[in-house]
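Structure assessment
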Amino acid sequence: MKYRFFDINNLTDEEYFRYYSLMSDEKKERLSAYRFDKDKRLSVAGEMLVKKLIADETGKDKNDIIIQADENGKPFIQNADIHFSISHSNDLVIAAISSSEVGVDIEKIKPVSDSLINKVCTQKELEYVSDSSISKSEKEKRFFEVWTFKEAYFKFIGTGITDFKSICIFDSDLRHNIHSFFYNGYAVGIFTRLHTDTSIDLT
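Here the residue numbering is sequential within each chain, running from 1 through the sequence in written order. Since the coordinates come from a predicted model, pLDDT governs what is reported: local features require at least 70, and pairs of side-chain atoms require 80 or more to be given and counted, while whole-chain, interface and lining totals use all residues. Hydrogens are left out, water is left out, and the side-chain values use all remaining heavy atoms of the structure.

1. Details of the overall build of the chain
Runs of H or I in DSSP of at least four residues are treated as helices and runs of E of at least two as strands, each being numbered from the N terminus. Check the secondary structure of the chain and you find seven helices and nine strands. We take the radius of gyration over the C-alpha atoms and set the globule estimate at 2.2 Å times the residue count to the 0.38 power. Relative to the 2.2 N^0.38 estimate, which gives 17 Å for 203 residues, the radius of gyration of the chain is 17 Å and therefore close to what a compact globule would have. Oriented by its inertia axes, the alpha-carbon framework of the chain measures out at about 50 × 35 × 30 Å. Between buried and exposed lies partly exposed: a residue is buried under 20% and exposed over 50% of the maximum accessible area for its type, with that area taken using a 1.4 Å probe on protein chains only. Looking at the 203 residues of the chain, the share that counts as buried comes to 46%.

This is the structure in structure tokens:
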């Protein structure tokens, strides 16, 4: 499994238009509905990262890497036996590739409401996040550790979020398949059956 970060502030217009031109007509149509240019750039940067990672891994030309979506909307590579996942938050994009299923999520750490915490966390996770002995900033980090764990898992299985409380970060059967860490004010979760990883930092 390999992953890579990219800050969209470093995305040149040349890169944007080149990788936009490589997108499927369906994806271009979806992008045209985006209201904000930033959202378009995040989406293009995500595909750019995936194609660069796959090209580096397989030796394929980036122009020959075709990304499509299955009946559940989960993207896949049409012409390569490789799996990938993309996530973005604020200005940062992360893409991960693997020879088996993979799900990735990244979230900017920030204050959150109690109602959101209660919606996402099981009782055991609530105790972990709301520990009275830790600082407010540590509570925020713990919440997004839980959030990215769950988002990454649901992307891994390809269903999208169903019920946040249906899984728990302390489930030992799941926990050994998650790679959770913090990066420059972001929480990251990568769920995969493979345990080796390589980080390539382009920010």
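2. A word on the side chain of E47
Within the secondary structure layout, E47 lies in helix α3 (residues 37-58). For this analysis, residues touch if any pair of their heavy atoms sits within 4.5 Å. In contact with E47, not counting residues within four places along its chain, are M23, K27, I67 and I86.

3. Things to note about the packing of helix α1 (residues 13-21) against α3
Taken N-terminus to C-terminus, the directions of α1 and α3 make an angle of 75°; their axes are 9 Å apart at the nearest point. By the angle between their axes, α1 is roughly perpendicular relative to α3. In this structure, α1 contributes D13, E15, Y16, Y19 and Y20 to the contact, and α3 contributes K40, R41, V44, M48, K51 and K52. Residues are grouped as follows: Ala, Val, Leu, Ile, Met, Phe, Trp, Tyr, Cys and Pro are nonpolar; Asp, Glu, Lys and Arg are charged; every other residue, Gly included, is polar. Counted by class, the contact of α1 with α3 contains five nonpolar, no polar and six charged residues. Lines are fitted to the C-alpha atoms to define the axes, a helix being fitted only along its stretch in contact, and any angle between axes, read from their N-to-C directions, falls within 0 to 180 degrees. Note that the term roughly parallel is reserved for angles under 35 degrees, roughly antiparallel for angles over 145, roughly perpendicular for angles of 65 to 115, and oblique for everything else.

4. Observations regarding the environment of R142
With respect to the secondary-structure elements, R142 resides in helix α6 (residues 136-157). Taking the C-alpha atoms as reference points, R142 and I77, 65 residues apart in sequence, are found 33 Å from one another. Those residues within four positions of R142 in sequence are excluded, and the remaining contacts are Y128, V129, D131 and I134. Two N or O atoms form a polar contact when they lie within 3.5 Å of each other; inside protein one atom must be a possible hydrogen donor and the other a possible acceptor, and for residues adjacent in sequence the pair counts only when both atoms belong to side chains. At a separation of 2.8 Å, a polar atom in the side chain of R142 contacts the main-chain carbonyl oxygen of Y128.

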